[in-house]
Amino acid sequence: MRIPILKLHNYLLISIQIDLDDQTAIQFQEDLLSKIHESGSTGVVIDLTSVDIIDSFIAKVLGDVVTMSDLMGAKVVLTGIQPAVAMTLIDLGIHMQDVPTALDLEQGLIKLRQELEE
């Protein structure tokens, strides 16, 4: 199953509403990078509100998506990170201290605009 990627102005919006398995995560990574390349988007908001738990592979893919997007010139803001997901990321040693976060999609868009103005 593919995760929808919506384009809004010069941003890409993703709300992950399904359980992530390894194949879906890899497909998402490929789709997002292709969409950044095709659209020339400068910002991405990934909403994780519906993601309750992640494993080490999904956490690594998520970290890689942020790094790869940045290399392609698109700033990523993560929103809606659940407590269990935050604990898993830290337990696995995946530190995202340089990645802007927000409570929800609306705040994520505001944060993205702020990040891109600097």
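In what follows, the accompanying structure is described. Since this is a predicted model, take the numbers as computed values, not measurements.

Okay, the overall build of the protein chain next. Tallying secondary structure elements over the protein chain gives four helices and five strands in all. Along the protein chain, helices (α) and strands (β) appear in the sequence β-β-α-β-α-β-α-β-α when read from the amino end. For 118 residues, the compact-globule estimate of 2.2 N^0.38 gives 13 Å, and the C-alpha radius of gyration of the protein chain, at 13 Å, lies within 12% of that figure. Structurally, the protein chain occupies a C-alpha span of about 35 × 25 × 25 Å along its principal axes. Per-residue burial for the protein chain yields a buried fraction of 42% across its 118 residues. About 6700 Å² of surface is accessible on the protein chain, with carbon and sulfur atoms providing 53% of the total.

Moving on, we get to the pairing of strand β4 (residues 75–79). In terms of burial, β4 is largely enclosed, as four of its five residues are buried. Bridge count between strand β3 (residues 43–47) and β4: five bridges; the pairing is parallel. Across the sheet, the residue bridging to valine 44 is valine 76, located in β4. A crossover connection joins β3 to the parallel β4 through helix α2 (residues 56–71); in handedness this β-α-β unit is right-handed. As paired elements, β4 and strand β5 (residues 101–102) share two bridges and run parallel to each other. Counterpart to threonine 79 in the pairing with β5 is alanine 102. Of the crossover connections in this fold, the one passing from β4 over helix α3 (residues 83–91) to the parallel β5 is right-handed.

Rules of the game
- Residues numbered from 1 in each chain as written.
- Predicted model: local features only at pLDDT ≥ 70, side-chain atom pairs only at ≥ 80, totals over all residues.
- Heavy atoms only, no water.
- Helix = DSSP H or I, 4+ residues; strand = E, 2+ residues; numbered from the N terminus.
- Rg over C-alpha atoms; globule rule 2.2 N^0.38 Å.
- Buried < 20%, exposed > 50% of the residue type's maximum accessible area, 1.4 Å probe, protein only.
- Areas by Shrake-Rupley, 256 points an atom, 1.4 Å probe, with all protein chains shown as cover.
- Pairing = 2+ DSSP bridges.
- Right-handed = clockwise from strand over helix to strand, strands pointing away.

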